[in-house]
Amino acid sequence: MVRGVRTTWTWCGTLLLAGALVGGLSGCGPGVPTAPGGSPSSTSAPALPSPTTESGTPASNPQPGEVLVEVVVNGGLAGVRNRLVVHYDGSWTSRSGTKPPRTGKQTPAEAAELRAALEDPAFALVPERPTGSPIPDGFQYYVTYRHRLVVADDGARPPALQRVFAALPEGGPPTNP
């Protein structure tokens, strides 16, 4: 009798595993776009949401309250976790640990310089993950621009990313604890 139970469980487990693998690897499932004719498409990427303002309303043209770029900094000897959010109009907020947030506003020329650095075609070619060896006790930078996340560290940075960092408020990403 034990042998029959074990065989049944092995058979059921095999079927469940096969079903999970087939369903998970075939591209079938919720959220998978269908190609013309109704079959799942393995080559089409899901559509990105439209840019929105902080209130959640769609924005066809960037609005002053819309987020331009967000930079999160983690690591360092002090173990910081800081966040900088810059809006299209140049206004920004920086949060460092438990300290009260700091706010400010870039001049129109500074805001235009940051937008130009982010819109530079070279920035679109920056790898999404660091390519070198990590630096012990170094910082990691998470830069989000137009639904694209670039992760960088204190190692070698492409010039296009350096240009973005140089155009950020207060001289670069927030690394102070």
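Residues numbered from 1 in each chain as written. Predicted model: local features only at pLDDT ≥ 70, side-chain atom pairs only at ≥ 80, totals over all residues. Heavy atoms only, no water.

Just checking my understanding: could you explain the overall build of the protein for this structure?
When you go through the protein residue by residue, the secondary structure sums to 4 helices and 6 strands. Written out in order from the N terminus, the α and β elements of the protein read α-β-β-β-β-α-α-β-β-α. A burial count over the protein gives 28% of its 177 residues as buried. Sequence-distant contacts in the protein: of pairs separated by 6 or more residues, those separated by 24 or more amount to 44%. (Helix = DSSP H or I, 4+ residues; strand = E, 2+ residues; numbered from the N terminus. Buried < 20%, exposed > 50% of the residue type's maximum accessible area, 1.4 Å probe, protein only. Contact = heavy atoms within 4.5 Å.)

Whenever I open this one, helix H2 (residues 108-119) confuses me. Can you help?
Within an α-helix, residues lying three or four positions from one another point in the same direction, as the helix has 3.6 residues per turn. Helix length check: H2 (12 residues) gives 16 Å between terminal C-alpha atoms against 16 Å at 1.5 Å per residue, within 8%. If you check which residues of H2 are buried, you get Ala 111, Leu 114, Ala 117 and Leu 118. Here the buried residues of H2 occupy an arc of 125° about the axis, which is enough to place them on one side. Those residues of H2 that are exposed and angled more than 90 degrees off the buried face are Pro 108 and Ala 109. The secondary structure elements touched by the buried residues of H2 are strand E1 (67-75), strand E2 (80-87), helix H3 (121-124), strand E5 (139-145) and helix H4 (159-167). (Expected span 1.5 Å × (residues − 1). Arc of directions from axis to C-beta.)

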